[in-house]
Amino acid sequence: MTNKKPFFYDITLRDGNQALKKPWGIKEKEIVFNKLVELNVNGIEVGFPSASEMDYDACERLAKIAPKNIVISALARCVKADIRKAVDAIKDAPIPRIHVFMALSPFHMQYVLNKTPEEAKEIVIRAVKYAKEEILKVNKNGQVQFSAEHFGDCEENIDFVTDTLKEVVKAGADVINLPNTVERYRIKPLVDMVNKVYEALPKDVVIAVHHHNDLGMSTASTVESYFAGATQLECSLNGLGERAGNTNMYEVAVALYNSGVELDLNLEKIYETALLIAQMSKVKIHEKAPLIGSDSLAHRSGIHQDGAIKTKGMKKGAYRAIDPKLIGRNDDEIIGFTSQSGKTAIYEIINQAGYPISVDEAIRISPHVKKEAEILGEVPVNKIVEIYFRELFNIAGPFEFLSFNMIEADTFELRFNYNDEYYDIKGIGNGPVDACLNALRKVGFERTLSGFEQKAVDADIMGSGASAISTIHILGKDGKDIIGRAFDKNTARANVKAIFNAMNLAEIED
Ligand code: KIV
Ligand code: ZN
């Protein structure tokens, strides 16, 4: 097993780019390249110089601006002309690497390359030797990587492949890459094969993996390959690449980080990078994409919402893989209310909207929001807020508030109905709340005030012109906290309306 730091090798500019509907030109490649430098990847494959003149020029340009510590590679088939072009294109990089590849799987050698295993072996050894000689002629830091394309299909001839790779190393390869060019089978046998090659080769040879994601398992096979001896992990930004893509760098990095592996990557750059790449590649991020999808921090079931809220702000969350800040995401976990959600969601949503609510109140309005959810699906926040005001700010009961006016500094006139009986009384007190409660007490409606607060809110509440909510707490039966809330442009009236809501609620609850 390895104890070496993972070496993140980015292949977005080559494998990712070759799969785009409109491949990038030099300008776009340079933007992505600079982002990769910010991410602090260890190596970058800048292109395939034989693919086009534009790709040759891009490779040449990026090699020239590469920082000292980043390996720069260019791809070449095992043919002299390709190797020469790759050498010419990237010779000015501080650490240039020529990346030659050929399939060694029985199927590919027979049906695509039309070569016997012996012929293939000879070709790859010759190519690696040539590449190493040529790159060292022009740059003393030059390296060679050999990729045994379709390594994942080599279970039946793994001994031949291992022997060939030993020869390839003798011929000068510094890195042996073991691609799962098409993901068709299970992870475990593939990882065992990676480990077999790692054990068979000298320990100063770097083992790389390069897995495609045809069955959605490439993150897992890359992560497990690391623990089986592969230190160079070839990944792409946003998982761009042929067909279902290459291995997604963010997922591998986070899985290793969560497992306690030290990384060079600046993980906090991940999210901004992902957004940029989606825009530049025109490949949208799926809302369910791990880590970066818009819905990847959303909780809709009551149980998950409860756990998420209880562990909010903690490094480890009950229902999330990471603290979103780790990858530079500033948005928090999303609590969406559907028919599957519960009171905790309402409590959280109303709080986040900036309004006061108690757990008891969340329980009370929950059936009303659920009813809406059964029709609408996820209920928009403004609809939940509307229900909150509708259900909690106008409690129907025997008391009907009519008016409250100041007569003198400490004297108020209160008009109300109780079970259709009309009352018009004066109350004296230290402020409107005291005066109103005293007035009610005079006519036999005694209640003990246990709390009072006024909360300013940002918005004009429900278009009323009010910008504060009055909350009154009175003692109910057995000391139960009864909460009445109200808003009004006139704060004295807001307080009194809150008292009447609490009085009605107390009658219902007692
Ligand atoms: O998928 C693959 O096998 C490749 C090689 C060129 C490394 O991209
Ligand atoms: Zn590939």
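What counts as what
- Residues numbered from 1 in each chain as written.
- Chains lettered and ligands numbered in written order.
- Predicted model: local features only at pLDDT ≥ 70, side-chain atom pairs only at ≥ 80, totals over all residues.
- Heavy atoms only, no water.
- Pairing = 2+ DSSP bridges.
- Helix = DSSP H or I, 4+ residues; strand = E, 2+ residues; numbered from the N terminus.
- Axes fitted to C-alpha atoms, helices over the stretch in contact; angles between N-to-C directions.
- Contact = heavy atoms within 4.5 Å.
- Salt bridge = Lys/Arg side-chain N within 4 Å of Asp/Glu carboxyl O.
- Buried < 20%, exposed > 50% of the residue type's maximum accessible area, 1.4 Å probe, protein only.
- 1 Å grid on protein atoms, 1.4 Å probe; cavity = no way out; pocket = protein on both sides within 12 Å on 5 of 7 lines; lining within 4 Å.
- Points joined across faces, edges and corners; volume = space filled by probe spheres on them.
- Nonpolar A, V, L, I, M, F, W, Y, C, P; charged D, E, K, R; others polar.
- Expected span 1.5 Å × (residues − 1).
- Polar contact = N/O pair within 3.5 Å; in protein donor to acceptor, adjacent residues only side chain to side chain.
- Donors = N, O, S within 2.8 Å, 3.2 Å for Na, K, Ca; no water.
- Near = heavy atom within 4 Å.
- Areas by Shrake-Rupley, 256 points an atom, 1.4 Å probe, with all protein chains shown as cover.
- Sits in = over half its atoms within 2 Å of the grid points.

**Student:** Help me understand the sheet that holds strand E3 (residues 71–77), please; the structure alone is not making it clear to me.
**Tutor:** Two strands in a sheet stick together by hydrogen bonds in their backbones, pointing the same way (parallel) or opposite ways (antiparallel). Here we have eight strands rolled up into a closed barrel, ordered E1-E2-E3-E4-E5-E6-E7-E8, and parallel in their pairing. Here the average twist between neighbouring strands, direction ignored, is 25 degrees. In this fold helix H4 (residues 80–90) packs onto strand E2 (43–47), E3 and strand E4 (95–103), with an angle of close to 160 degrees to the strand it touches most, E3.

**Student:** What is the right way to look at the pattern of salt bridges in this model?
**Tutor:** Any two side chains of opposite charge can pair, given that their charged atoms come close. One pass over the structure, following the stated rule, counts 40 salt bridges. For Asp306, the salt bridge identified is with Lys310, shortest N-O distance 2.7 Å. With Asp306 and Lys310 both in helix H12 (residues 302–310), this residue pair falls four residues apart, about one helical turn. The salt bridge involving Asp323 is made with Lys325; its shortest N-O contact spans 3.8 Å. Judged by relative accessible area, which is 22%, Asp323 ranks as partly exposed.

**Student:** Would you mind showing me how to read the layout of surface pockets here?
**Tutor:** Unoccupied space between atoms shows up once a probe the size of one water molecule is rolled over them. One number sums up the size of the largest pocket: a volume of about 700 Å³. Asn238, Leu240, Ser281, Val283 and Lys284 are the residues nearest the centre of the largest pocket, which is lined by 34 residues in total. Going through the elements one at a time, helix H9 (218–227) and helix H11 (270–281) are the ones with two or more residues in the lining of the largest pocket. For the lining of the largest pocket, the element with the highest residue contribution is H11, accounting for three residues. Among the residues making up the lining of the largest pocket, the classes are represented as 11 nonpolar, 15 polar and eight charged. The computed volume of the second largest pocket comes to approximately 290 Å³. What lines the second largest pocket is a set of 16 residues, and nearest its centre among them are Arg14, Asp15, Gln18, Glu149 and Thr181.

**Student:** Explain H11 to me, please; I cannot follow it from the model alone.
**Tutor:** Residues separated by three or four positions in an α-helix point in the same direction, a consequence of the helix having 3.6 residues per turn. Counted at 1.5 Å a residue, the expected span for H11 with its 12 residues is 16 Å, and the 16 Å between its end C-alpha atoms agrees. Here the buried face of H11 lies against helix H2 (26–39) and helix H10 (249–258). Of the residues trailing H11, Lys282 is marked for its positive phi of about 60 degrees.

**Student:** For this particular structure, what's the right way to read the environment of Glu378?
**Tutor:** Here Glu378 shows up in the loop between helix H14 (359–376) and helix H15 (381–392). Residues Glu378 and Thr338, spaced 40 residues apart in sequence, show a C-alpha to C-alpha distance of 4.5 Å. Setting aside residues up to four positions removed in sequence, Glu378 forms contacts with Arg300, Gly336, Phe337 and Thr338. A polar side-chain atom of Glu378 sits 2.2 Å from a polar atom in the side chain of Arg300.

**Student:** Quick question: what am I supposed to make of the coordination of the zinc ion (ligand 2) here?
**Tutor:** In a perfect tetrahedron of four donors around a metal, the angles come out at 109.5 degrees. In a perfect octahedron of six, they are 90 or 180 degrees. Those donors, Asp15 (OD), His210 (NE2) and His212 (NE2), are the protein atoms that reach the zinc ion (ligand 2), and they lie 2.0 to 2.2 Å from it. Within one chain, the residues donating to the zinc ion (ligand 2) are spaced in sequence as D-x194-H-x1-H. Highlighted residues: Asp15 in helix H1 (residues 12–18) and His210 in strand E7 (residues 206–211), separated in sequence by 195 residues. Accessibility expressed as a relative area gives 5% for His210, which makes it buried.

**Student:** Would you take a moment to explain the site of ligand 1 for this structure?
**Tutor:** Near ligand 1 the following residues occur: Arg14, Asp15, His99, Phe101, Ser147, Glu149, Asn177, Pro179, Thr181, His210 and His212. Here Asp15 contributes a side-chain N or O atom positioned 3.1 Å from an oxygen atom of ligand 1. For ligand 1, whose accessible area on its own is 260 Å², the fraction buried by protein is 94%. Placement of ligand 1 is best described as lying within the second largest pocket. Mapped by element, the contributors of at least two residues to the shell around ligand 1 are H1, E4, strand E5 (143–149) and strand E6 (175–180).

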